[in-house]
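Single-letter residue listing:
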Amino acid sequence: MCQFTQRSSTFSFPKLCSLFWRFHHTSTSHLCSCSKTISDEKYQDPFQLGRKDLKNLYEDIKKELLVSAAELKEMCDYYFDGKGKAFRPMIVVLMARACNIHHNNSKEVQASQRSVAIIAEMIHTASLVHDDVIDDANSRRGKRTLNQIWGERKAVLAGDFILSAASVALARIGNTTIISVLTQVIEDLVRGEFLQLGSKENENERFAHYLEKTFKKTASLIANSCKAVSILGCPDPKVHEIAYQYGKNVGIAFQLIDDVLDFTSCADHLGKPTAADLKLGLATGPVLFACRQFPEMNAMIMRRFSKPGDVERARNYVLQSDGVQQTTYLAQRYCHAATREIRKLRPSPEREALIHLTEMVLMRDK
């Protein structure tokens, strides 16, 4: 399991790919059930613990988005409506507290650390707006997308504006290291989108491609935001690596479960159409696992499920296979790696909440 917790921030995708196939053939008797808690410890509720630092989060984001154009303001306010769980900012402020306590027992979140949480949510939302345009998505978070209401051109501009406002807020922190860490996220998002547009013929390369795309599109934001607040709160590079590795592993697990829910959750509950990835021509974890049992899926993957009936056939193959189960097991492995990393910090309620968060990622149903 050393590949999951390597100290280097560099992702070793060939090793992960090899490890993936080892997981696939591991007896499920050695893997914990997703319905069980990760341990018997009593955890802090992450959302309750992070609530104080996230108070007025969306109001503060709207202050960063001050604009005179009424329509652009309405578009920005549409997603920043305060109804989201603020999952990423919550992780960031908990990591900030955990690192501050580890360093000098400080229980307060610095203003600059909270700014990172705000910036993370802004970058995330801007990426969603752009993704919806690329995917021609109809719904997001249970309501119509910006591109459906205002059109693609205005949606792209709104996403650009949110991203530019995040960049201004980032510059205001005034720390060149933090700027470097968080601008890496923006680069990764673009590279991840390009990876998603491509595909691999070789099965092992295909899964490595999928993991790399998952890291860049989802996990990089969480990993680098956690790293940023650790740098602001603690001078120890070992702590920076712990924060980064925790965020990376949780982020990948989060996306793996998201890919599972695309096959197991109803559209109304999920807030977006199910089998959406198949309709976009994407082969996610459950599909790649299912392909081992149903090799005829290879041709469908290579043509990106473009022929009539491909989407429904592929979905049925996935549900007949153990693809969903194996993807869930893989997510568990990443969560276990995240837990091992965060346990290296001094005990604190925030550290325990971050441990509990790994369980919540596995158990979520939307």
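Model, not experiment: these values are computed from the prediction. (Residues numbered from 1 in each chain as written. Predicted model: local features only at pLDDT ≥ 70, side-chain atom pairs only at ≥ 80, totals over all residues. Heavy atoms only, no water.)

Caption draft 1: Region of interest: the packing of aromatic side chains. On inspection of all chains with the given rule, the structure shows 7 aromatic pairs. Ring geometry for Y78 against W150: centres 5.7 Å apart, planes inclined by 80°, an arrangement best described as edge-to-face. Here W150 lies in helix 7 (residues 146-150) and Y78 lies in helix 4 (residues 70-79), a separation of 72 residues in the sequence. In textbook terms, an aromatic cluster arises when at least three aromatic residues are bridged by ring pairs, as seen for Y78, Y79 and W150. Sitting over the face of the ring of F254, R88 holds its NZ or CZ atom 5.3 Å from the ring centroid. Positioned above the aromatic ring of Y244, the side-chain terminus of K227 is 5.7 Å from the ring centre. (Phe/Tyr/Trp six-rings, centres within 6.5 Å; stacked < 30°, edge-to-face > 60°. Helix = DSSP H or I, 4+ residues; strand = E, 2+ residues; numbered from the N terminus. Lys NZ or Arg CZ within 6 Å of the ring centre and 35° of its normal.)

Caption draft 2: Seen up close, the confidence of the model for the protein. Of the residues in the protein, 86% have a pLDDT of 70 or more, and the chain-wide mean is 86. Taken element by element, the protein is modelled with least confidence in helix 1 (residues 13-24), mean pLDDT 43, and with most confidence in helix 17 (residues 323-342), mean pLDDT 98. Across residues 1-41, where pLDDT falls below 50, the model places 78 contacts with residues more than four positions away in sequence or in other chains. (pLDDT = per-residue confidence, 0-100. Contact = heavy atoms within 4.5 Å.)

Caption draft 3: Local environment of the packing of helix 11 (residues 237-264) against helix 14 (residues 285-293). At their nearest, the axes of helix 11 and helix 14 sit 8 Å apart, and the two run at 75° to each other. It follows from the interaxial angle that helix 11 and helix 14 lie roughly perpendicular. Residues D259, V260 and F263 of helix 11 form the contact with helix 14, whose participating residues are G285, P286 and V287. (Axes fitted to C-alpha atoms, helices over the stretch in contact; angles between N-to-C directions. Parallel < 35°, antiparallel > 145°, perpendicular 65-115°, else oblique.)

Caption draft 4: Geometry of the pattern of salt bridges. Scanning the entire structure with this criterion turns up 16 salt bridges. For the salt bridge of K63 with D60, the shortest nitrogen-to-oxygen distance reads 3.7 Å. Of this pair, K63 and D60 both sit in helix 3 (residues 57-64), 3 residues apart, which is roughly one turn of the helix. Among the residues examined, K63 registers a relative accessible area of 57% and is labelled exposed. Across the salt bridge formed by D81 and K143, the nearest N and O atoms sit 2.8 Å from each other. You can see D81 sitting in the loop between helix 4 and helix 5 (87-104) and its partner K143 sitting in strand 2 (residues 143-144), a full 62 residues away along the chain. Take K143: its relative accessible area is 22%, and that puts it in the partly exposed class. Salt bridges sharing partners connect three or more residues here, namely D60, K63 and R114. (Salt bridge = Lys/Arg side-chain N within 4 Å of Asp/Glu carboxyl O. Buried < 20%, exposed > 50% of the residue type's maximum accessible area, 1.4 Å probe, protein only.)

Caption draft 5: Expanded view of a nonpolar patch on the surface. Taken together, the side chains of V190, F194 and L197 present a nonpolar region at the surface, about 330 Å² in accessible area. Assignment of secondary structure puts V190 in helix 9 (residues 176-197). Taking relative accessible area as the criterion, V190 reaches 47% and is therefore assigned partly exposed. (Patch = residues over 30% accessible without salt bridge, like charges linked within 9 Å, V, L, I, M, F, W, Y side chains within 5 Å. Areas by Shrake-Rupley, 256 points an atom, 1.4 Å probe, with all protein chains shown as cover.)

Caption draft 6: Representation of the environment of R97 within the structure. Here R97 lies in helix 5. The exposure class of R97 is buried, given its relative accessible area of 8%. Along the chain, R97 and P349 lie 252 residues apart, while their C-alpha atoms are 9.2 Å from each other. The residues touching R97, leaving out its near neighbours within four places in the chain, are K52, D53, S106, K107, E108, V109 and E350.

Caption draft 7: Up close: the packing of helix 2 (residues 46-54) against helix 5. Packing of helix 2 against helix 5 brings their axes to within 9 Å, and their N-to-C directions diverge by 85°. The pairing of helix 2 with helix 5 is recorded here as roughly perpendicular in orientation. Packed against helix 2, whose contacting residues are P46, F47, L49, G50, K52, D53 and L54, the element helix 5 presents P89, M90, V93, L94 and R97 at the interface.

Caption draft 8: Here's a closer look at the state of the cysteines. Applying the stated criterion to the full structure yields 0 disulfides. The cysteine C226 is free of any disulfide, with C99 supplying the nearest cysteine sulfur at 8.0 Å. Overall, C226 belongs to the buried group, its relative accessible area being 0%. Cysteine C234 shares no disulfide, and the gap to the nearest cysteine sulfur, in C99, comes to 6.6 Å. What makes C234 buried here is its relative accessible area of 3%. (Disulfide = S-S within 2.5 Å.)

Caption draft 9: Spotlight on the side chain of Q255. Secondary-structure assignment places Q255 in helix 11. In contact with Q255, other than residues within four places in its own chain, are T214 and T218.

Caption draft 10: Main features of helix 14. Within helix 14, 7 of the 9 residues are buried, which leaves it mostly tucked inside the rest of the structure. Among all positions in helix 14, only G285, P286, V287, L288, F289, A290 and C291 are buried.

Caption draft 11: Main features of helix 16 (residues 310-320). Among the residues of helix 16, D310, A314, Y317 and V318 are the ones counted as buried. In a view along the axis of helix 16, the buried residues occupy a sector of 100°, so they form one face of it. Summarising the contacts, the buried residues of helix 16 are in contact with helix 11, helix 13 (276-279), helix 14, helix 15 (297-302) and helix 17. (Arc of directions from axis to C-beta.)

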